[in-house]
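Okay, here's what each chain looks like letter by letter:
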Amino acid sequence: MRTDLEGSAAGAGVPAHDHEYARPFEDAPAGSPPSCSVAFRGIGDKKAPLDFERFKAVVGELRARDWQQSGGLGERENLDGVIGEAHAILKQRGWSVSAQYGIAEDGKTSAITLTATDLACMEGTGWE
């Protein structure tokens with residue numbers, strides 16, 4: 001799963017993975033809801049900005065890996081008329097990926113986050 005997330009992000013030109021973001025998922029106790037997920041987050045800044053177009057490219061890379069998108073892209077413009085948040089859900093092989101894009105309030109940084117969840121594992125945790 002990590003290969004799909006990291007490969008899709010790299011293919012879309014998203015900066016290297018923020019490993020600290022993924023650590024709570026990786027270190028979660030077995031059988032807990034976080035243990036059922038794999039996470040990726042790339043952070044953009046003025047030197048390497050991330051924007052809505054880059055987010056769409058990541059979703060396109062996932063779809064090229066046979067992930068099926070459920071519905072369209074949910075997006076919200078900020079006051080400047082720029083897409084400041086976006087969300088997509090993709091599914092494959094009993095997994096669901098939540099893809100998110102957002103610009104920080106200061107407007108200086110942005111992030112693309114991919115969280116893949118094993119649906120059967122989640123059912124086993126009793127979480128609904």
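Residues numbered from 1 in each chain as written. Predicted model: local features only at pLDDT ≥ 70, side-chain atom pairs only at ≥ 80, totals over all residues. Heavy atoms only, no water.

Enquirer: Now, about helix α3 (residues 52–64): what can you tell me, with residues and values included?
Expert: With 13 residues, α3 ought to run about 18 Å at 1.5 Å a step, and its terminal C-alpha atoms sit 18 Å apart, in line with that. Buried residues of α3: F52, F55, V58, V59 and L62, and no others. The arc that holds every buried residue of α3, seen down its axis, measures 115°, which confines them to one face. The N-capping residue of α3, defined by a side-chain oxygen 3.3 Å from the backbone nitrogen of E53, is D51. At the C-terminal side of α3, D66 shows a positive phi close to 75°. (Helix = DSSP H or I, 4+ residues; strand = E, 2+ residues; numbered from the N terminus. Expected span 1.5 Å × (residues − 1). Buried < 20%, exposed > 50% of the residue type's maximum accessible area, 1.4 Å probe, protein only. Arc of directions from axis to C-beta. Polar contact = N/O pair within 3.5 Å; in protein donor to acceptor, adjacent residues only side chain to side chain.)

Enquirer: Pulling in residues and values, what's your account of the pattern of salt bridges?
Expert: For the structure on display, the rule yields six salt bridges. Measuring nitrogen to oxygen at the nearest pair gives 3.5 Å for the salt bridge that ties R65 to D4. Of this pair, R65 sits in the loop between α3 and β2 (68–77) while D4 sits in helix α1 (residues 2–11), placing them 61 residues apart in sequence. R41 is the partner of D18 in a salt bridge, and the nearest nitrogen-oxygen pair spans 2.5 Å. Placement of D18 in the loop between α1 and α2 (19–26) and of R41 in strand β1 (residues 37–44) is noted, with a sequence separation of 23 residues between them. (Salt bridge = Lys/Arg side-chain N within 4 Å of Asp/Glu carboxyl O.)

In short, geometric facts, not functional conclusions.
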